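Examining the three-dimensional arrangement
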Amino acid sequence: MSTDLPLERDPDDRPLWERTRRGDRDAFGALYARHVRPVYWQSFRVVGNATDAEEVVQDVFVTAWRRRSEIALVDTSVLPWLLSTAKYTALNHHRRRTRRRWEQLDDTVPSAEQTPDDAYVAEQLLARVRESVATLSPLDQQLFERCVVGDLTYAEAADEVGVTHAAVRNRVARIRSRVRAATQDLRGPA
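Residues numbered from 1 in each chain as written. Predicted model: local features only at pLDDT ≥ 70, side-chain atom pairs only at ≥ 80, totals over all residues. Heavy atoms only, no water.

Before going further, it helps to examine the overall build of the protein chain. Assigned secondary structure in the protein chain consists of eight helices and zero strands. The helix and strand sequence of the protein chain, counted from the amino end, reads α-α-α-α-α-α-α-α. Every one of the 190 residues in the protein chain was classed for burial, and the buried ones make up 31%. When contacts within the protein chain are restricted to residue pairs at least 6 apart in sequence, those whose partners lie at least 24 apart make up 62%. As displayed, the protein chain offers around 12,800 Å² of accessible surface, 51% of which is attributable to carbon and sulfur atoms. (Helix = DSSP H or I, 4+ residues; strand = E, 2+ residues; numbered from the N terminus. Buried < 20%, exposed > 50% of the residue type's maximum accessible area, 1.4 Å probe, protein only. Contact = heavy atoms within 4.5 Å. Areas by Shrake-Rupley, 256 points an atom, 1.4 Å probe, with all protein chains shown as cover.)

Here is the structure:
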């Protein structure tokens, strides 16, 4: 006699998803209730705190609602799409949160926290970054402004400038390497 309990099958999302595709908010609410916990935990693993994870979950489900006519279910569940979207949305959210903002330095106001040597090095770094960026192609300069200086995701920048997500990712990586190389001697050992 086997003591194994039968495994509970994952619920079939197809009926609710078909209703959702037609704009049924109650069906979408049922899908939300069914899948919000795994989407939250997927998001939390990436961003590391509850507030940001909740924000990501909200973004994922808003995206699911907006793109409901484009989303294809895997087997009988919308969960794989939700988890994948949660992962990448959380990564973008985390990257936006941790990205340093590009700021124009006001040369007339000395910083109380910097020594004269620190101020000089910062000024030299900024000048080198500007010089390096000035030698980039116009497209790369746009990508630098949107992705490195600004807070656009690679996908958003790709849509704006009319190239693929992969092209943006590769170009931004090369831009960062180039700027790092141009400023290495001022930044000191890593």
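What follows deals with the packing of aromatic side chains. Centre distance and the angle of the planes are the two values used to describe a pair of aromatic rings. Across all of its chains, the model carries six aromatic pairs by this definition. Relative to Trp41, the ring of Tyr40 lies with its centre 4.9 Å away and its plane at 85°, an arrangement referred to as edge-to-face. Here the aromatic rings of Trp41 and Phe44 are separated by 5.4 Å at their centres, their planes lie at 75°, and the arrangement is edge-to-face. Of this pair, Trp41 and Phe44 both sit in helix H2 (residues 25–47), three residues apart, which is roughly one turn of the helix. For Trp41, a relative accessible area of 43% gives the class partly exposed. Site record: aromatic cluster; members linked through ring pairs are Phe28, Tyr32, Phe61 and Trp65. Over the aromatic face of Trp65 sits the side chain of Arg68, whose NZ or CZ is 3.9 Å from the ring centroid. (Phe/Tyr/Trp six-rings, centres within 6.5 Å; stacked < 30°, edge-to-face > 60°. Lys NZ or Arg CZ within 6 Å of the ring centre and 35° of its normal.)

Turning next to helix H7 (residues 154–161). Structurally, the α-helix is built with 3.6 residues per turn, so residues lying three or four positions apart point the same way. Within the span of H7, buried status applies to Tyr154, Ala157, Ala158 and Val161. Take H7 and look down its axis: the buried residues cluster within an arc of 105°, on one side only. Just past H7, the residue Gly162 takes up positive phi, approximately 80°. (Arc of directions from axis to C-beta.)

Another point: the packing of H2 against helix H3 (residues 50–66). Angle between the axes and distance between the axes: these two values describe a pair of packed helices. Packing of H2 against H3 brings their axes to within 8 Å, and their N-to-C directions diverge by 140°. Accordingly, the angle class assigned to the pair H2 and H3 is oblique. Crossing geometry of H2 relative to H3 is assigned as right-handed. On the side of H2, the interface is formed by Arg25, Phe28, Tyr32, His35, Val36, Val39, Tyr40, Ser43, Phe44 and Val47, while H3 contributes Ala50, Asp52, Ala53, Glu54, Val56, Val57, Val60, Phe61, Ala64 and Trp65. A breakdown of the residues in the contact of H2 with H3 according to their chemical character gives 15 nonpolar, two polar and three charged. (Axes fitted to C-alpha atoms, helices over the stretch in contact; angles between N-to-C directions. Parallel < 35°, antiparallel > 145°, perpendicular 65-115°, else oblique. Left-handed = near helix turned anticlockwise from the far one by under 90°. Nonpolar A, V, L, I, M, F, W, Y, C, P; charged D, E, K, R; others polar.)

On to the pattern of salt bridges, then. Across all of its chains, the model carries six salt bridges by this definition. Ionic pairing is found between Arg67 and Glu70, a salt bridge with its closest N-O pair at 3.0 Å. Look at Glu70 and you get exposed, because its relative accessible area is 52%. (Salt bridge = Lys/Arg side-chain N within 4 Å of Asp/Glu carboxyl O.)

So, on to the nonpolar core. Val39, Phe61 and Leu82 are the most contacted members of the largest nonpolar core, which has 22 residues in total. Here Phe61 is in contact with Phe28, Tyr32, His35, Val36, Val39 and Leu82, once residues within four sequence places are set aside. In this structure, Val133, Val161, Val172 and Val179 belong to the second largest nonpolar core, which totals 17 residues. (Core = buried A, V, L, I, M, F, W, Y, C linked by side-chain atoms within 4.5 Å.)

With that settled, the discussion passes to the confidence of the model for the protein chain. Looking at the protein chain as a whole, its pLDDT mean stands at 82, while 82% of the residues score no less than 70. The low-confidence segment residues 1–8, where pLDDT is below 50, has zero contacts with residues more than four positions distant or belonging to other chains. Contacts from residues 100–105, a stretch scored under 50 in pLDDT, to residues over four places away or in other chains number nine contacts. (pLDDT = per-residue confidence, 0-100.)

Let us now look at the packing of helix H6 (residues 138–149) against H7. Interaxial distance between H6 and H7 falls to 10 Å at its minimum, and their mutual angle equals 140°. In terms of orientation, H6 and H7 fall into the oblique class. Handedness of the crossing formed by H6 with H7: right-handed. Where H6 approaches H7, its residues Leu139, Gln142, Leu143, Arg146 and Cys147 are matched on the opposing element by Tyr154, Ala157, Glu160 and Val161.

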